[in-house]
Amino acid sequence: MVANHLDRRAVLAALSVFVVAPSSVAAQDFIDLEWTDLVPEGQPAIPPVIQGLLQHDGPSLSNQQPPSHGVRTDWNGEIVRLPGFIVPIDYSGTGVTAFILVPFVGACVHVPPPPANQLVFVTTGVPYESSGLFEPVNVIGMFGTASTSTQLADIAYALSADRIEPF
């Protein structure tokens, strides 16, 4: 009788591990993307090292946006994590609720925007209290292709953010 009681406890303890494990696995259930992943194979991307060489003065920066050479649809509907910098578009109180995620500091603001396939339009239901344009973040959420045009740039991708975290 005592052995039977111990076996039940061992089984219950083992089952409790399986009940807890899925939530910890789900927390890491996303695809890590890099900016180069968003450019179709064989197409040029503007390397961040030359961004500082672009003209900072002159006409509207959006007029200087290089053409985009296609998009990748591999991750449409997938949960992804993408690092970048926030260029705010819309606020709720003091938190940003819509923004352009850009691959380098100053894109769309201080230098011409990168091609549309190097920009992601992000929306979030929970306003993110950003500390400014120089704060690197990771954005995790549902990803897809979606052509959007703002006064700053044309954008080829969209991401519905579930989480925004400091990088």
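Our subject is the structure that appears above.
The rules behind the values
Residues numbered from 1 in each chain as written. Predicted model: local features only at pLDDT ≥ 70, side-chain atom pairs only at ≥ 80, totals over all residues. Heavy atoms only, no water. Helix = DSSP H or I, 4+ residues; strand = E, 2+ residues; numbered from the N terminus. Buried < 20%, exposed > 50% of the residue type's maximum accessible area, 1.4 Å probe, protein only. Polar contact = N/O pair within 3.5 Å; in protein donor to acceptor, adjacent residues only side chain to side chain. Contact = heavy atoms within 4.5 Å. Core = buried A, V, L, I, M, F, W, Y, C linked by side-chain atoms within 4.5 Å. Pairing = 2+ DSSP bridges. Salt bridge = Lys/Arg side-chain N within 4 Å of Asp/Glu carboxyl O.

Draft legend 1. Quick look at the environment of Y157. Take Y157: it is sitting in strand 6 (residues 154-166). You can call Y157 buried: its relative accessible area is 0%. It is 8.2 Å that separates the C-alpha atoms of Y157 and V71, two residues lying 86 residues apart in sequence. At 2.8 Å, the side chain of Y157 and the backbone nitrogen of R72 are in polar contact.

Draft legend 2. Region of the structure containing the side chain of T150. Locating T150 in the fold gives a position in the loop between strand 5 (136-149) and strand 6. Here T150 is in contact with I100, F121 and I155, once residues within four sequence places are set aside.

Draft legend 3. Fine view of the nonpolar core. Ranked by size, the top nonpolar core spans 22 residues in total, and within it L101, V120 and V139 carry the most contacts. For this core, the element with the most residues is strand 6, which contributes 5 residues. With 13 residues, the next largest nonpolar core counts F85, C108, L119 and F121 among its residues.

Draft legend 4. Looking closely at the environment of P40. Inspection of the secondary structure assignment puts P40 in the loop between strand 1 (31-32) and helix 2 (48-51). As for P40 and S68, which are separated by 28 residues in sequence, their C-alpha atoms are 10.0 Å apart. Once you skip the residues sitting within four places of it in the chain, P40 turns out to touch H69, G70, V71, R72 and N117.

Draft legend 5. Structural detail: the pairing of strand 5. Looking at chain direction, strand 2 (residues 79-92) and strand 5 are connected through 7 bridges and run antiparallel. Looking across to strand 5, one finds that V80 is bridged to G141. Of the strand pairs in this sheet, strand 5 and strand 6 are connected by 11 bridges, and their pairing is antiparallel. Looking at the pairing, S149 lines up with D154 of strand 6. Adjacent in sequence and paired antiparallel, strand 5 and strand 6 are bridged by 4 residues.

Draft legend 6. Here's a closer look at the pattern of salt bridges. Scanning the model with the defined rule gives 3 salt bridges in all. Among the ionic pairs, R72 bridges to D74, the shortest N-O distance being 3.1 Å. Its relative accessible area of 46% is what places D74 among the partly exposed residues. One salt bridge connects R163 with E165, and the closest N-O pair in it is separated by 3.3 Å. For R163, a relative accessible area of 32% gives the class partly exposed.

Draft legend 7. Structural context of the pairing of strand 2. Two elements, strand 1 and strand 2, share 2 bridges in a ladder whose sense is parallel. What sits directly across from D32, in strand 2, is R81. Judged from the 7 bridges that link them, strand 2 and strand 3 (residues 95-102) form a sheet pairing that is antiparallel. The residue of strand 3 that forms the bridge with I86 is L101. If you look at the hairpin formed by strand 2 and strand 3, you'll find 2 residues sitting between the two strands, and G93 has a positive phi there, around 65 degrees.

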